[in-house]
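Breakdown of the fold
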Amino acid sequence: MTMLQAHTSVSSQDAWWKSAVVYQVYPRSFADANGDGMGDVQGIISKLDYLAQLGIDVLWLSPIFTSPQDDNGYDISDYQDIDPMFGTMADVDELIAQAHQRGIKIVMDLVVNHTSDEHPWFIESRSSKDNPKRDWYWWRPVREGKTAGEPGAEPTNWRSFFSGSVWELDETTGEYYLHLFSKKQPDLNWENPEVRAAVYEMMNWWLDRGIDGFRMDVINLISKVLPLRDADIGGPDGFAPGFQFVMNGPRIHEFLKEMYEEVFAGRDRVITVGEMPGATTDEARRYTNPGESELDMVFQFDHMSLDRGLDRFHILDLDLRALKATLAHWQTELHGIGWNSLYWNNHDQPRAVSRFGNDREYRVESAKLLGTILHMLQGTPYVYQGEELGMTNYPFVSLDEFEDIESVNYAKAAAQQPGYDEAALILALAAGGRDNARTPVQWDGTPQAGFTSGTPWLPVNPNAGTINAEAAVANSDSVFHYYRKLIDLRHTMPIIVYGDFELLLEEDERVFAYTRSYGNEQLLVLGNFSDDVTAVDIPDAGVWSAAELVIGNYPPVTDAGLHLQPWETRVYRRSV
Ligand code: NOJ
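Reading guide: rules and limits
Residues numbered from 1 in each chain as written. Predicted model: local features only at pLDDT ≥ 70, side-chain atom pairs only at ≥ 80, totals over all residues. Heavy atoms only, no water. Helix = DSSP H or I, 4+ residues; strand = E, 2+ residues; numbered from the N terminus. Rg over C-alpha atoms; globule rule 2.2 N^0.38 Å. Buried < 20%, exposed > 50% of the residue type's maximum accessible area, 1.4 Å probe, protein only. Contact = heavy atoms within 4.5 Å. Areas by Shrake-Rupley, 256 points an atom, 1.4 Å probe, with all protein chains shown as cover. Lys, Arg positive; Asp, Glu negative; His and termini not counted. Charge placed at Lys NZ, Arg CZ, Asp CG, Glu CD. Domains from an automatic or database assignment. Buried area = accessible area lost by both parts, 1.4 Å probe. Salt bridge = Lys/Arg side-chain N within 4 Å of Asp/Glu carboxyl O. Nonpolar A, V, L, I, M, F, W, Y, C, P; charged D, E, K, R; others polar. Phe/Tyr/Trp six-rings, centres within 6.5 Å; stacked < 30°, edge-to-face > 60°. Lys NZ or Arg CZ within 6 Å of the ring centre and 35° of its normal. Polar contact = N/O pair within 3.5 Å; in protein donor to acceptor, adjacent residues only side chain to side chain. Pairing = 2+ DSSP bridges. Near = heavy atom within 4 Å. 1 Å grid on protein atoms, 1.4 Å probe; cavity = no way out; pocket = protein on both sides within 12 Å on 5 of 7 lines; lining within 4 Å. Points joined across faces, edges and corners; volume = space filled by probe spheres on them. Axes fitted to C-alpha atoms, helices over the stretch in contact; angles between N-to-C directions. pLDDT = per-residue confidence, 0-100.

**A look at the overall build of the protein chain**
Of the regular secondary structure elements, the protein chain holds 19 helices and 20 strands. In terms of overall size, the protein chain behaves like a compact globule, its C-alpha atoms giving a radius of gyration of 24 Å where 576 residues would be expected to give roughly 25 Å. Judged by the C-alpha coordinates and their principal axes, the protein chain covers about 75 × 65 × 50 Å. Split into buried and exposed, the 576 residues of the protein chain put 61% on the buried side. A fraction of 70% describes how many contacts in the protein chain between residues 6 or more apart in sequence connect residues 24 or more apart. Only carbon and sulfur atoms are counted for the fraction: they give 50% of the accessible area of the protein chain, which is about 21,300 Å². Averaged over its 46 positive side-chain charges, the protein chain has a centre that lies 2 Å from the centre of its 87 negative ones.

Spelled out as structure tokens, the structure:
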């Protein structure tokens, strides 16, 4: 078989995942079957019929592997076993089988930029300088002229994604190890071919067991610029972002191609998506071009950073023009070359309806609008658990409510800074923190929202009495049924999958408008991102308003001028 033939099975023009919708489950917060307050695999199995009703094609599970849970499972100590808090391997086999019976595929999280410090590989690596696994991680001596442990003795000045230095001193050998995330998440050294071989072996083991693909955690950080060196500008904490030395590094494409050859070539119907902070469209065109044999699609972050001020916790008002320009850029740059992943939410982001919509007077309308704008784009949409219910941010009021290591470490670091303001910090964490996405899924209106019969590990949002799956499924006008329809449209309308994209009204501060064109068919997608009635100022408004309304979130009106109600969205179809 030639190289090209081998690729067409997974990445041809008609690859199955182009018309698929993925649903992300964050297992500890999804559904708890055994009453310990933590979601588990049996809980997921119990909700498969609900997911099948929603119509999704793929389930992506955030990590359920054995883990000390320093970063809620993104710190793995055994890649080939399940953490007892989630169940057993037998449960996972049952999940795979039961999902497959319903036509749902299973994607696992692949976290291989780092392991847990409790992984046997790291335990060996740290045991002595001449251990055979020493070079599996990044070990460096104390900075010259400095004493181990003193500020500035770290081998480089980079700041961790979770605050503080990326280096931790290990007493056993007196050297530092690199951790871009928490100190319990040491980075694997991908320069070492043994590391890569061990990872590929583990991936093949999972695929052979029946899973259908991987979501690859921060996969564009695995190749570092060598030699490791300081970044230029330091912050008040003495550290600087080392991004340019770790994102999209010099060997990243080589590593991904090798992974493709060792794991994916020859496997049919697999899906791969790489999480890639700092990926540009130029990079993504390479990562996702089928001819390059790397990945099917990537998660980019450009549209997630537009409303961020000082850092990820400082959420500003959104400039709709910037959002439109960014999404349009990704649409046009990847069209015909690579493939987009489409998302508003995941376990690392605040709830989209609270962030980009109006979660008070227009919660239902704005949740439907956001869904429409995203699901009519080209790419594979990802729905994060509870998004299909219009779940909102949690009303945090005090520092001790935050559980997430990123927020907790950030709060500790902030308290050391001059001018520290606790009230402002709480507001920031409440707006931008990851715990918002991690409160239990609201299944019904009972006190623990039907999530658990015990005490949930993170409190249930007090709005569960009104915002819950039971109520949503029973109400044909709910966000749930609207999402069901959006998913169905992608399955049945090739124009949504393949059509050309054109942004309209670039400068309009309230209206998001674009067309999709395919053959002699055209769609017009509209959304009013405001609390005011707003006119859609396009030349052929009259023609469009007489066209077929495919979906909308207000009762249809005959409106010769295209005036949108607050947070109204409409999709029209016509022949051209
Ligand atoms: C990205 C994951 O989505 C996030 O939850 C995690 O904390 C980091 N990678 C580190 O694994």
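Let us keep going from here.
**So, the domain arrangement of the protein chain**
For the protein chain, the assigned domains read domain 1 (16–113 + 193–394 + 441–486), domain 2 (115–187), domain 3 (397–438) and domain 4 (499–575). Taken together, the 24 residues of domain 1 in the interface contact 19 residues of domain 3. Taken together, both faces of the contact between domain 1 and domain 3 bury some 1,800 Å²; the carbon and sulfur share is 52%. When the area that domain 1 buries against domain 3 is broken down by residue, the three leading residues are Phe313, Tyr394 and Leu458, summing to 35%. At the boundary of domain 1 with domain 3, the tally comes to four salt bridges. Its salt-bridge partner being aspartate 348, residue arginine 434 comes within 3.1 Å of it at the nearest N-O pair. Here the residues of the side of domain 1 that touches domain 3 are counted per class, giving nine nonpolar, eight polar and seven charged.

**A closer look at the packing of aromatic side chains**
Tallied over the full model, the rule gives 35 aromatic pairs. Ring centres of tryptophan 17 and tryptophan 339 lie 6.2 Å apart, and the angle between their planes is 65°; this geometry places the pair in the edge-to-face category. Of this pair, tryptophan 17 sits in the loop between α1 (3–11) and β1 (22–25) while tryptophan 339 sits in the loop between α10 (320–334) and β12 (341–342), placing them 322 residues apart in sequence. Of the residues examined, tryptophan 17 reaches a relative accessible area of 3% and is grouped as buried. Aromatic side chains phenylalanine 122 and tyrosine 137 sit 4.8 Å apart centroid to centroid with 80° between the ring planes, which places their arrangement in the edge-to-face category. With phenylalanine 122 in helix α5 (residues 120–127) and tyrosine 137 in the loop between α5 and β6 (139–140), the pair connects residues that are 15 residues apart, well separated along the chain. Exposure remark for tyrosine 137: the relative accessible area of 2% places this residue in the buried category. Three or more aromatic residues link up through ring pairs in this structure, and these residues are Tyr23, Phe30, Tyr50, Trp443 and Phe480. The side chain of lysine 47 reaches across the aromatic face of tryptophan 443, ending 4.1 Å from its centre. A cation over an aromatic ring shows up here: arginine 312 above the ring of phenylalanine 313, its NZ or CZ 5.9 Å from the ring centre.

**With respect to the side chain of glutamine 349**
With respect to the helices and strands, glutamine 349 occurs in the loop between β12 and α11 (352–355). There is a polar contact of 3.0 Å between the side chain of glutamine 349 and the side chain of arginine 308. A polar side-chain atom of glutamine 349 sits 2.9 Å from a polar atom in the side chain of arginine 355.

**Re the sheet that holds β6**
Spatially, β6-β8-β7 is the arrangement adopted by the three strands of the open sheet, whose pairing is antiparallel. Lying at the two open borders of the sheet, with one neighbouring strand each, are β6 and β7 (167–170). Judged from the four bridges that link them, β7 and strand β8 (residues 175–178) form a sheet pairing that is antiparallel. Among the inter-strand pairings, leucine 169 is bridged to a residue of β8, identified as tyrosine 176.

**Section: the site of the ligand**
Close to the ligand lie 14 residues, the nearest being Asp71, His114, Asp217, His347 and Asp348. One of the side-chain nitrogen or oxygen atoms of histidine 114 is found 2.9 Å away from an oxygen atom of the ligand. Note that an oxygen atom of the ligand is positioned 3.0 Å from one of the side-chain N or O atoms of arginine 215. Burial of the ligand by the protein amounts to 97% of the accessible area it has alone, namely 290 Å². The class makeup of the residues in the shell around the ligand is four nonpolar, three polar and seven charged. Split by domain, the residues of the shell around the ligand number at least three in each of domain 1 (16–113 + 193–394 + 441–486) and domain 2 (115–187).

**Describing empty space enclosed by the protein**
As enumerated under the stated definition, the model contains six cavities of 30 Å³ or more in all. Size it by volume and the largest cavity reaches roughly 70 Å³. Taken together, Asn345, Arg351, Ala352, Val353, Ala367, Leu370, Glu387, Gly390, Met391 and Tyr483 make up the lining of the largest cavity. Across the lining of the largest cavity, the residue classes break down as six nonpolar, two polar and two charged.

**What to know about the sheet that holds strand β11 (residues 297–299)**
With respect to topology, eight strands assemble into an open sheet ordered β11-β10-β9-β5-β2-β1-β13-β12, the strand pairing being parallel. Only two strands of the sheet have a single neighbouring strand rather than two, namely β11 and β12. In this sheet, β11 lies alongside strand β10 (residues 271–275) in parallel orientation, the contact comprising three bridges. Of the residues in β11, the one forming a bridge with valine 273 is methionine 297. The strands touched by helix α6 (residues 193–209) within the sheet are β5 (105–110) and β9 (213–216), with β9 carrying the most contacts at an inclination of about 135°.

**Re the pairing of strand β14 (residues 500–504)**
Pairing analysis gives five bridges linking β14 to strand β15 (residues 511–518), with the strands arranged antiparallel. Bridge pairing links aspartate 500 to serine 517 in β15. Remark: six residues form the turn of the hairpin made by β14 and β15, two consecutive strands paired antiparallel; leucine 505 in that turn has positive phi of roughly 50°.

**Quick word on the confidence of the model for the protein chain**
Per-chain confidence: the protein chain averages 95 in pLDDT, with 98% of residues scoring 70 or above. When the elements of the protein chain are averaged for pLDDT, α1 gives the smallest value, 34, and β1 the largest, 99. When the criterion is pLDDT under 50, residues 1–12 qualifies, and its contacts beyond four places in sequence or with other chains add up to 21 contacts.

**Thoughts on the pairing of strand β16 (residues 521–528)**
Counting buried positions along β16 yields seven of eight residues, so the element is predominantly enclosed. Where β15 lies against β16, eight bridges are found, and the strand directions are antiparallel. Opposite phenylalanine 512, over in β16, you have glycine 527 as the bridge partner. The turn linking β15 back onto β16 is made up of two residues, and glycine 519 within it adopts a positive phi angle of 60°.

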